[in-house]
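Now for the letters of each chain:
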Amino acid sequence: MNLPEHVKTPSRTPVYAFVGNPNCGKSTLFNALTGLKQKVGNYPGVTVERKVGTAYSQHGHPMTVIDLPGAYSLAARSPDEAVTRDVLLGRRADTQMPDRIVCIVDGSNLERNLYLVHQILDLGRPVILVVNMIDVATNAGLQIRFDHLEKELGIPVIPAQASRGHGLIELKLAMSRSDLPLPKHRWSVPAAIAPAVAELQASLQDADKKPPLIARAEALLLLTDPDPVRVTGSQPLSPRTAAILQQWTKRWQDDGTDWSGSLVGARYDAIGKLTAESVKSAASVAPQNVSDRIDAIVTHGFWGWAVLGSIMTLLFLSIFTLAEYPMGLIESAVAAMADGVKAAMPPGDLRDLITDGAIAGVGGVVIFLPQILILFFFIGLLESTGYMARAAFIMDRLMSRVGLNGKSFIPLLSSYACAIPGIMATRTIEDHKDRLVTILVAPFMSCSARLPVYLLMIAALVPSREVPILTKVGLMLLMYGLGTCGAFAFAWLFKRTLLKGEPPLMIMELPPYRLPRVKDVALQMAERGGIFLKRAGTIILAISIVLWALTAYPKAGEDATPSEQIAQSFAGQAGHVIEPAIEPLGFNWQIGIGLISSFAAREVFVSATSVVFNVEEDEENTEPLLQALRSATWPDGRPLFTPLVCLTLMVFYVFAMQCVSTVAIVKRETNSWRWPLFQIGYQTGFAWILCLIIYQTGTALGF
Amino acid sequence: MSDTVSLSSLATGATAVVRAYPLSGNAFLRLREMGMLPGTSFTLLRRAPLGDPIEIKLRGYNLTLRKTEADHIMVEATSA
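These numbers were taken from a predicted model, which means no experiment stands behind them. (Residues numbered from 1 in each chain as written. Chains lettered and ligands numbered in written order. Predicted model: local features only at pLDDT ≥ 70, side-chain atom pairs only at ≥ 80, totals over all residues. Heavy atoms only, no water.)

**Student:** In this structure, what is going on with the environment of A:A162? I would like to understand it.
**Tutor:** Residue and element names in this part refer to chain A. Summarising the element assignment, A162 is placed in the loop between β8 (157–159) and α7 (168–176). Residue classification places A162 among the buried residues on the basis of a relative accessible area of 5%. Through-space distance from the C-alpha of A162 to that of I354 is 48 Å; in sequence the pair is 192 residues apart. With sequence-adjacent residues up to four places away left out, A162 is seen in contact with G25, T28, L29 and N132. (Helix = DSSP H or I, 4+ residues; strand = E, 2+ residues; numbered from the N terminus. Buried < 20%, exposed > 50% of the residue type's maximum accessible area, 1.4 Å probe, protein only. Contact = heavy atoms within 4.5 Å.)

**Student:** Looking at this structure, how should I read the pairing of strand β4 (residues 54–58) of chain B?
**Tutor:** Moving residue by residue along a regular strand, the side chains alternate between the two faces of the sheet. Residues and elements named next belong to chain B. Burial of β4 is extensive: four of the five residues sit out of reach of the surface. One ladder, built from five bridges, connects strand β3 (residues 41–47) with β4; its direction is antiparallel. What sits directly across from L44, in β4, is I56. Hairpin geometry of β3 and β4 is characterised by an intervening segment of six residues between the two adjacent antiparallel strands and by a positive phi of about 90 degrees at G51. Remark: two residues form the turn of the hairpin made by β4 and strand β5 (residues 61–65), two consecutive strands paired antiparallel; R59 in that turn has positive phi of roughly 45 degrees. (Pairing = 2+ DSSP bridges.)

**Student:** How do you make sense of the UniProt feature "transmembrane region" (unreviewed entry) in chain A when you look at a structure like this?
**Tutor:** All names here are of chain A. Using the residue numbers shown here, the UniProt feature "transmembrane region" (unreviewed entry) corresponds to residues 302–323, 358–382, 436–461, 473–494, 532–553, 640–665 and 677–695. The span residues 640–665 is 73% helix and 0% strand, and its two end C-alpha atoms sit 35 Å from each other. Along residues 677–695 the backbone is 100% helical and 0% strand, and the end-to-end C-alpha distance reaches 27 Å. (UniProt positions renumbered as here; feature names shortened; annotations may be inferred.)

**Student:** Can you walk me through the confidence of the model for chain B in this structure?
**Tutor:** Caution applies to low-pLDDT parts of the model: their predicted coordinates are not meant to be read in detail. Residues and elements named next belong to chain B. Residues at a pLDDT of 70 or more form 95% of chain B, whose mean pLDDT is 88. The secondary structure element of chain B with the lowest average pLDDT is helix α1 (residues 26–33), at 86, and the one with the highest is β4, at 93. Interface scoring of the predicted complex returns ipTM 0.93; its pTM is 0.81. (pLDDT = per-residue confidence, 0-100.)

**Student:** Just checking my understanding: could you explain the side chain of A:S569 for this structure?
**Tutor:** All names here are of chain A. Position of S569 among the secondary structure elements: in the loop between α24 (562–568) and α25 (570–582). For S569, a relative accessible area of 0% gives the class buried. Within the structure, S569 has its side chain in polar contact with the backbone oxygen of L550 (distance 3.2 Å). (Polar contact = N/O pair within 3.5 Å; in protein donor to acceptor, adjacent residues only side chain to side chain.)

**Student:** Looking at this structure, I do not really get the UniProt feature "domain: Ferrous iron transporter FeoA-like" (unreviewed entry) in chain B. What am I missing?
**Tutor:** Per the UniProt entry, the sites bearing "domain: Ferrous iron transporter FeoA-like" (unreviewed entry) are residues 5–77 of chain B in this numbering. Helix makes up 16% of residues 5–77 of chain B and strand 40%, whereas the separation of the span's terminal C-alpha atoms amounts to 8 Å.

**Student:** For this particular structure, what's the right way to read the pairing of β5(B)?
**Tutor:** The buried fraction of β5(B) amounts to five of the five residues, a majority that puts the element mostly inside the structure. Here β5(B) shows two buried faces, one formed by B:Y61, B:L63 and B:L65 and the other by B:N62 and B:T64. Pairing between strand β10 (residues 508–510) of chain A and β5(B): three bridges, direction antiparallel. Bridging across to β5(B), A:E509 finds its partner in B:L63.

**Student:** Looking at this model, I keep getting lost on the pattern of salt bridges. Mind explaining?
**Tutor:** Think of it this way: side chains of opposite charge can pair up when their charged atoms draw near. Counted under the stated rule, the structure contains 29 salt bridges over all chains. Its salt-bridge partner being B:K57, residue A:D292 comes within 3.2 Å of it at the nearest N-O pair. Separated into two different chains, A:D292 in helix α12 (residues 290–298) and B:K57 in strand β4 make up a pair that spans both. One salt bridge connects A:D520 with A:R517, and the closest N-O pair in it is separated by 3.6 Å. Take A:D520: its relative accessible area is 17%, and that puts it in the buried class. When salt bridges that share partners are traced, they join A:R85, A:D86, A:R91, A:K210 and A:E218 into one network. (Salt bridge = Lys/Arg side-chain N within 4 Å of Asp/Glu carboxyl O.)

Structure representation (structure tokens):
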């Protein structure tokens, strides 16, 4: 066998790939091995998470470890799986083909887990097999003969319990070996398919320049995978190979040969034989397991909803109440920072740029960090216990009404707190189109940044000084309801038009319930928080500065009041420019300034309006602002903020895309500017049309 | 092969053996790869509160699939 020299004796840093089914404990092992030496990002061109870390060998040499997305098979059915497949086959130019592979399997579910391992053994590279969760397997009465597995497969087999760190040293030792054996792995390809495999392999070696063993593995894969998921960044097949593949599939289709079925069957035959010899099951120990008993309640026709409802209530309560205190701290820290700068610097544009542009802009977004962290803590907890899959199971039927699947439920729900973590949570949705639709409609869910705007408008809407609590609650519910209906209606529309596709699969494993690993949850939470802060520090910082400049220039003169200054500024001019567009909605140029500056973050509307309507310093108190709003008029003396205008403005805030952080996150998650721009267009367009209808009908009816 | 019925018509709690599959379709290839092969025995654990999807237990783990797929999978009941 002609192996490249580095496979036998790695002279440079060896590259290890960690592969396994979802829920097999792969990430726990990866985290334990690499600790904080990880880099998280996206694969260029696809929105699949890319995790690379550094581990150290027994002798202190660095080893690169790639944590590939969880996969059930190399015949990919999701972008996540496609990336795993393409990296292992060396199809991606952006990722080095791994030298060695560590396969992690769940010892309590060996048969199904070994299917992926079986495909990987075909690749002809050194493999280490980690049999994880041996404690669960032992409790289930399974006895695994590791020596037999080792002998049959010819590779190191390591029993492990990653959650407690057992097996970690043995794995490190195996990874440090310079003489890792190649798997000796024989299984018979079904006779009907063998000639096709040979022909494809030859073509892959010739025309696509693949090494022999990879070519054989790829040939087998192409046959099982007649309709492969392709992701950008992977190299396409040569025309010759594609033609051969097409020829064979056509011939089999005409004959009625179940070729992919027989290939899968042949693999399972081989696996079945192996597990029969190496796993002994004590048949007497087979009680109804704990997970099934929990599920009997959690997915019950009545209790299931009750549990889901309580968990969601708890989630929201903690987001709003627990976050309050740290949010207050951040707020005062931001204020203190601005004061510090004010004290240290002479007055002038540079000082204003730092305090009113940079600090205020970034501060206004960073204030949501506690909410985001709490939300991600909950999501991580629900995911690692296994509850998330149950929520998807319960909600699937409802979500499928609008063409989504149960997995969209949590991201949409999270978006009530803030669309940013919601959109980041769509990563659990495998289907690309489902994920995109969820991202597109997520900002309709009324996030907490809209609350200050709603509260101000509701206060202005009711002319009497005290707003009756029922009116307040009713209007609030109406806004939340409008957003939710809008989200589902647009999801339904998009699934039927723009992102039409096959109905999404709901073939999903319900993993056994497990105690969460707080360390893993915390690590994930820190990662998400980091991504959010990075955004706040870059794009949001830039846009805040631009927005500040728009209100600060050109200068109106020395004695100008803040409201005169803003009327004179570019923002004021822009307000005048867009006035014809928003006048049919009942908004004037002053409201226009509020709308424009809301683009930094919606709640900025409140502070922007108080500047525009020249309310004195005290921003905390909404009373003077309310009075200013009530006395504001059009040039002809008509009152500006009629109840109808307040209502229209609220509806506008429900639907319009006015959040630069969301735009930034959507850009990041979809890897293109196309979708965020589309989102700005369709959301704001829809908001405008709806507001036009409401205002014009309302006016016609005499309100 | 006697008395095959579709998976979706099985009663909750019933145990059955997979007999036949449609030859094509992404869903069915994936179900095979998940170990649900002709000859595999499984138990229908429960249906979701709204009747869909369905949860089955096979090879020691739990799997969900929708009715639209279950309608096309022919199975033979081994116990009620």
